[in-house]
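A closer look at the structure
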Number of protein chains: 2
Amino acid sequence: MSITLNSPLDMHLHLRDEAMLKTVAPLSSETFSGAIIMPNLVPPVTTKEQLIGYKERIGSAIGDDVFTPYMTLFFKPTYTKEFLESIKDELTAIKLYPAGITTNSEGGVSGFDVEELRPTLEAMSELEIPLCIHGETNGFVMDREAEFVSIYEKLAAAFPKLTIIMEHITTKASVEALDRFENLHATITLHHLLITLDDVAGGMLQPHLFCKPIAKRPEDREALRKVALEAHPKVMFGSDSAPHPQHAKEACGCAAGVFTSPIALQVLAELFEEHSTIENLQAFVSDNAKNIYKNITIPEKTITLEKKSFVVPEKYGNVVPMYAGETLAYSIV
Amino acid sequence: MSITLNSPLDMHLHLRDEAMLKTVAPLSSETFSGAIIMPNLVPPVTTKEQLIGYKERIGSAIGDDVFTPYMTLFFKPTYTKEFLESIKDELTAIKLYPAGITTNSEGGVSGFDVEELRPTLEAMSELEIPLCIHGETNGFVMDREAEFVSIYEKLAAAFPKLTIIMEHITTKASVEALDRFENLHATITLHHLLITLDDVAGGMLQPHLFCKPIAKRPEDREALRKVALEAHPKVMFGSDSAPHPQHAKEACGCAAGVFTSPIALQVLAELFEEHSTIENLQAFVSDNAKNIYKNITIPEKTITLEKKSFVVPEKYGNVVPMYAGETLAYSIV
């Protein structure tokens, strides 16, 4: 049995910079047509020069692969309409982080006062630039995302023409919000379709499965699986693949992030096949994104998966992938 | 300001064996009068010979310290009344583990069929041997203890004369069960009075705070603090101090357990003082245990704490304690 995917997209990706960028970028550009590139570098991407420079460095890292990095800015409430117009051709979306909520997000938003955010969000709305949000409060770790849903809803109501992406949703509460506002959409990661907190901390502690938002309860995973497997038109695949060097994952004070880029399509194929929904995989990994992001052009690329064992390498460079050393059912051929 | 404690007791302690026993036993025997010693060695302590041998090895490890190791057997439903009578003088309690629920618990109980457990539990009840239980189901990690409450209640109702200790309780649900059955009691650890899941996985992942049962929600910690700080007569201090070598805590697949023996009394003093309940500390760390365990004799020992900085060592042997390298407000003088 073989599965053909047209132009798969990863709508939430961390490529980092420098040596790490060179290690991980080819692992996405080989198999995906394009990806939304997160701007949380140190310092974050907030100017046209930084954005273009980063895009060029990504271009060098991927070599000849057919792959479009969809560039993003790190949200600041001081972006003017003129600035956004000047950068519009290079920019696909803007990513908003609550301050200090995840890796390199110290300069994020501290309050969610609609009037303070209005100038930038209205400009984005008029220029049809989507807003990607890492939606967590600074509350108790299992409640952070559910607590943020009211902020998603406040923003969706205040800016009804703004395309809002609830990034890497992990809860039933977020899934339920999708249908309440026309302009709310979501990305879902591979790992949140697979694991719950039990896999991270139910047996031995598994630092390679530690991520933000943290994996939640079985009923949350069920809600995510339902909309992903049916390819609900408001959800799309975004890996949130986030490489950290092995020493940063296996240390005391382990960094958050799961590295899935090189295994994502193979594992998604297996998951969708297991649930007899393989016909929905194309929409989940590409077509839905095209409909949600109206401002992207997608390079043609055909990926073929075959039911043939693939032993996941123990490491890519110094990064340990999810399922390191394990055997997957599907290979990319 | 100084605080004097008479004969502090640690009613739940892991001393392990061999080199680790030699490292950690003196760190308890220095400051405590006695401790309930958990039997989950490899293999577990299930015979009189093993129990006496282990008690002797503990005796060698503590040297001249005035300290009584209260010995326990690893629960098996096949213990007869004759066997228990033959060992009664050496034995303080029996510890029941659900199979596979924590470190070295593979040989534990798989079902909680009252009739299957009846012969041993009735014998214990008649001989006045308390039953200590690690109360977790194999459900979702945040629900395991709350799900076990109905099993605690079933056993408490079926064996009303049996003293049952709900070990290292971590939830509001367990606290609430205390008052529903006269024969239910509980130990509470230091770390569950201090941390929630946020401290383990809310920021960076903290393997040294990873334990079983896992730290729960803020409202659970509040419920534990309430009964500990008021020294509710059915609760007593049990550190569940559980040493693992540093490499086993900071590795991929980190072992569960927090090592608190050498800092427990200092931190408890600070916590009780902060909450203006210092007059209850004596009951929490000793007197309540004496009333719950009617079968123990407690050596006289006076411990004095003074408000004087204590810098916690980075390691004791190869074991990293809680608050390693940090400064505590109280010292033992």
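Residues numbered from 1 in each chain as written. Chains lettered and ligands numbered in written order. Predicted model: local features only at pLDDT ≥ 70, side-chain atom pairs only at ≥ 80, totals over all residues. Heavy atoms only, no water.

Our next topic: the sheet that holds strand S2 (residues 9–13) of chain A. All names here are of chain A. In spatial order, the strands read S2-S3-S4-S5-S6-S7-S8-S9; together these 8 strands make up an open sheet with parallel pairing. A single partner strand is all that each edge strand has here, and the edge strands are S2 and strand S9 (235–237). Neighbour-to-neighbour, the strand axes of this sheet turn through a mean angle of 25°, independent of strand direction. In this structure, strand S4 (residues 68–74) lies alongside strand S5 (residues 93–96), joined through 3 bridges in parallel fashion. Paired with Thr72 across the strands is Ala93, a residue of S5. The sheet contacts of helix H2 (residues 48–62) involve strand S3 (34–37) and S4, and relative to S4 the element is tilted by about 150°. (Pairing = 2+ DSSP bridges. Helix = DSSP H or I, 4+ residues; strand = E, 2+ residues; numbered from the N terminus. Axes fitted to C-alpha atoms, helices over the stretch in contact; angles between N-to-C directions. Contact = heavy atoms within 4.5 Å.)

Moving on: the nonpolar core. Grouped together as the largest cluster of nonpolar side chains are 210 residues, with contacts concentrated most on Leu84, Leu155 and Phe284 of chain A together with Leu84, Leu155 and Phe284 of chain B. With residues near it in sequence (within four places) discarded, Phe284 of chain A still touches Ile188, Leu193, Ala228, Ala231, Val235, Met236, Phe237, Leu268 and Phe272 of chain A. (Core = buried A, V, L, I, M, F, W, Y, C linked by side-chain atoms within 4.5 Å. Buried < 20%, exposed > 50% of the residue type's maximum accessible area, 1.4 Å probe, protein only.)

Counting residues at the interface gives 29 residues for chain B and 29 residues for chain A. Summed over both partners, the interface of chain B with chain A buries about 2,400 Å², with 63% contributed by carbon and sulfur atoms. In terms of surface lost to chain A, no three residues of chain B exceed Phe140, Leu205 and Cys252 of chain B, which account for 27% of the buried area on that side. Joining chain B to chain A, the criterion identifies 4 salt bridges. The interface formed by chain B and chain A holds 14 residue pairs in polar contact (both at pLDDT 80 or more) in total. Looking at the side of chain B that touches chain A element by element, the count peaks at 3 residues for helix H8 (residues 197–201) of chain B. Class assignment of the residues belonging to the side of chain B that touches chain A gives a composition of 15 nonpolar, 7 polar and 7 charged. (Buried area = accessible area lost by both parts, 1.4 Å probe. Salt bridge = Lys/Arg side-chain N within 4 Å of Asp/Glu carboxyl O. Polar contact = N/O pair within 3.5 Å; in protein donor to acceptor, adjacent residues only side chain to side chain. Nonpolar A, V, L, I, M, F, W, Y, C, P; charged D, E, K, R; others polar.)

Let's shift gears to the pattern of salt bridges. Side chains bearing opposite charge may pair, as long as their charged atoms lie close to each other. Per the stated rule, a full pass over the model turns up 24 salt bridges over all chains. Among the ionic pairs, Glu273 of chain A bridges to Lys307 of chain A, the shortest N-O distance being 3.0 Å. Taken together, the residues Glu273 of chain A in helix H11 (residues 264–274) and Lys307 of chain A in strand S10 (residues 302–311) connect sequence positions 34 residues apart. Across the pair Arg118 of chain B and Glu115 of chain B runs a salt bridge, and its minimum N-O distance is 2.9 Å.

Below, the discussion takes up the relation of the copies chain B and chain A. Overlaying chain B on chain A yields an RMSD of 0.0 Å, the required transformation being a rotation through 180° with an accompanying axial translation of 0.0 Å. What the superposition gives is, in effect, a two-fold axis relating one chain to the other. Within chain B, Glu250 of chain B has its C-alpha nearest the rotation axis, a separation of 3.1 Å. A share of 100% of the interface residues of chain B reappears at the interface of chain A, consistent with the copies meeting face to face through the same patch. (Least-squares fit on C-alpha atoms with pLDDT ≥ 70 in both.)

Keep in mind these numbers describe shape, not what the thing actually does.
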